Amino acid sequence: MSKFSKELEEILKTDPLGLLDVKPKASSIMSADQRLIASFQDINDFVREHGGEPTQSRDIKERKLFSRLKSLRESPEKAAALAEYDTFELLVDVKFPEPIEINSVDDILGDDALGLLGDDETDPNDIFRLTNVPKSIDMPDSIARRKPCKDFDLFENLFKLCHAGLASGKKKLRKFMGEQQIAVSNFFVLHGVLVYVAAMGEKEQKKGKLNARLRCIFENGTESNMLMRSLAAELYKGGSGRRVVNHIDGLFDGPKQVTEGDEATGYIYVLRSLSEDPQIKEIKDLHKIGFSSQPVQQRIQNAAQEPTYLMAGVKLITEFETYNFNPQKLENLLHTFFAESCLNLSVTDSKGNQHAPREWFIVPLDVIETAVQLLISGEIVNYRYDSQQQAIAAK
């Protein structure tokens, strides 16, 4: 055995080609520090190229760099880690907290920022006493439970008509996006069951959120007086909730019927670009919100020759005919609502002239539909569009 050990030692010593040296594999995965430095270098590159720091402009890339720089300035720890890379002194004004000198047990107790070590009113030796935990939790005035609907015969025919509309294609299902889409006379699909919003109580604002008590009728003959936000939470859970919309109305989600006295005033439409230009093709959720006084298919047949359509073909995503109001005003209001996400791009026409189309927005289709619904109901004044989260939020 000892002879074998000696031979093995000789082999290990006489390895002129280094075949027995095991080198650790280099990892291509960046550490958190490396990602932080790389993200800051993007900001340095922008300043170096443009001669100034990024602003809150309509250019998506610049706007992202602006938000990133703002976040770094609000984090003294990250700013300190980037000090040696701060070529243009972008983080020099960040205030760093003064280090607390710890020399005694009293210093440790005095530095208990999270209150984990007790205070004058808490016995630190009492392991059954909790700190930093709310003594009471606000509970709703009542908890909704389903019960038999005594007047279900008044609603039964509505459910039959809804099912018939879905079967014929006159109605369709759309993904539920938030409580803003909940309104009286609307149908939803909750956990596979059709539900009808028969009534809504007065809306109240609590902790910055609007809420109201609903009367919801279910197709299985039961009803519930659940809160609007509770219904929204259930519909939103897992992304399985659906709302029933009128296929003819398109963006309108209501039971309104057009009569002979109503005057058709035009069309509001949403388009998607078919451009092969990489800087356009790679933009996700890029939509054109426009108005036309003539049928949309007729209006867009020469899209490839018009700068307003980015000099390329387009696909009609959805449209609806408007009655009794100015659709151009509706279009302008939607453009204002989504102004922060307006596409900042120039296109060249067939004559070599430059154009900057202002009707293209980087906004998901479901969000556009929700904004139109809020606009029609008048509730849009209570909301704003968060371009960073690509979602509608309460003001």
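Note that the structure is a prediction, hence the values are computed from the model and not measured. (Residues numbered from 1 in each chain as written. Predicted model: local features only at pLDDT ≥ 70, side-chain atom pairs only at ≥ 80, totals over all residues. Heavy atoms only, no water.)

J.: With reference to specific residues and values, describe the overall build of the chain.
T.: When you go through the chain residue by residue, the secondary structure sums to eleven helices and 17 strands. Among the 395 residues that make up the chain, the fraction classed as buried is 35%. By sequence separation, contacts in the chain at least 24 residues apart represent 59% of the contacts at least 6 residues apart. For the chain, the exposed area adds up to about 25600 Å²; of that, 52% sits on carbon and sulfur atoms. (Helix = DSSP H or I, 4+ residues; strand = E, 2+ residues; numbered from the N terminus. Buried < 20%, exposed > 50% of the residue type's maximum accessible area, 1.4 Å probe, protein only. Contact = heavy atoms within 4.5 Å. Areas by Shrake-Rupley, 256 points an atom, 1.4 Å probe, with all protein chains shown as cover.)

J.: Could you give an account of the pattern of salt bridges, with specific residues and numbers?
T.: Side chains bearing opposite charge may pair, as long as their charged atoms lie close to each other. Under the definition given, this model contains twelve salt bridges. Lys 281 is the salt-bridge partner of Glu 276, the closest N and O atoms lying 2.9 Å from each other. The same class applies to Glu 276 and to Lys 281, which are both exposed. Between Glu 359 and Lys 288 there is a salt bridge, with the nearest N and O atoms lying 2.3 Å from each other. (Salt bridge = Lys/Arg side-chain N within 4 Å of Asp/Glu carboxyl O.)

J.: I'd like to hear about unusual backbone geometry, residue by residue, with values.
T.: If you check the backbone angles, Met 311 has positive phi at about 55 degrees while not being a glycine. Within the element layout of this structure, Met 311 appears in the loop between α9 (296–299) and β12 (314–323). Residue Met 311 is classed as partly exposed on the basis of its relative accessible area of 24%. Unlike most non-glycine residues, Gln 390 shows phi in positive territory, near 55 degrees. In this structure, Gln 390 sits in the loop between β16 (383–386) and β17 (391–394).

J.: Would you mind going over the sheet that holds strand β7 (residues 214–218) in detail, with residue names and values included?
T.: Ordered by their spatial adjacency, seven strands build an open sheet running β1-β8-β7-β4-β3-β9-β2, and the pairing between neighbours is antiparallel. Pairing within the sheet leaves two strands with one partner each, and these edge strands are β1 (147–148) and β2 (171–175). Pairing of strand β4 (residues 193–200) with β7 involves five bridges; the strand directions are antiparallel. Its bridge partner lying in β7, Val 195 is registered against Phe 218. (Pairing = 2+ DSSP bridges.)

J.: An account of the side chain of Arg 174 is needed here, citing residue identities and associated values.
T.: The residue Arg 174 is located in strand β2 in this model. By relative accessible area, Arg 174 is classed as buried at 13%. Residue contacts for Arg 174: discarding those within four places in its chain leaves Gly 241, Arg 242, Arg 243, Val 245, Thr 318 and Glu 369.

J.: Which residues make up the environment of Gly 221, and what values go with them?
T.: The residue Gly 221 is located in the loop between β7 and β8 (222–224) in this model. Classification of Gly 221 by relative accessible area gives buried; the value is 19%. Distance in space between the C-alpha atoms of Gly 221 and Cys 149 is 5.7 Å, their sequence separation being 72 residues. Discounting residues that sit within four places of it in the chain, Gly 221 has contacts with Lys 147, Pro 148, Cys 149 and Phe 152.

J.: Residues and numbers for the packing of aromatic side chains, please.
T.: Per the stated rule, a full pass over the model turns up seven aromatic pairs. Measuring from centroid to centroid gives 4.8 Å for Phe 187 and Tyr 196, while their planes differ by 45 degrees, and the two rings are tilted. The exposure classification of Phe 187 matches that of Tyr 196, with both residues buried. Relative to Tyr 385, the ring of Phe 338 lies with its centre 5.0 Å away and its plane at 80 degrees, an arrangement referred to as edge-to-face. Here the residue Phe 338 occupies a position in the loop between α10 (327–337) and β13 (347–348), and Tyr 385 occupies one in strand β16, the gap between them amounting to 47 residues. With respect to burial, Phe 338 and Tyr 385 carry one shared label: buried. An aromatic cluster of at least three residues, connected via ring pairs, comprises Phe 152, Phe 155, Phe 159, Phe 187 and Tyr 196. (Phe/Tyr/Trp six-rings, centres within 6.5 Å; stacked < 30°, edge-to-face > 60°.)

J.: So what about the pairing of strand β9 (residues 242–246)? Which residues, and what values?
T.: Judged by how many residues are buried, β9 sits mostly within the fold: four of five residues are covered. Strand direction decides the pairing type here: β2 and β9, joined by five bridges, are antiparallel. Residue pairing for β9: Arg 174 is matched across the bridge by Arg 243. Judged from the two bridges that link them, strand β3 (residues 187–190) and β9 form a sheet pairing that is antiparallel. Directly across from Phe 188, in β9, lies its bridge partner Arg 243.

J.: Please set out the environment of Glu 369 residue by residue, giving values where relevant.
T.: Of note, Glu 369 is situated in helix α11 (residues 365–377). Since its relative accessible area comes to 2%, Glu 369 is described here as buried. Separated by 99 residues in the primary sequence, Glu 369 and Val 270 place their C-alpha atoms 9.7 Å from one another.

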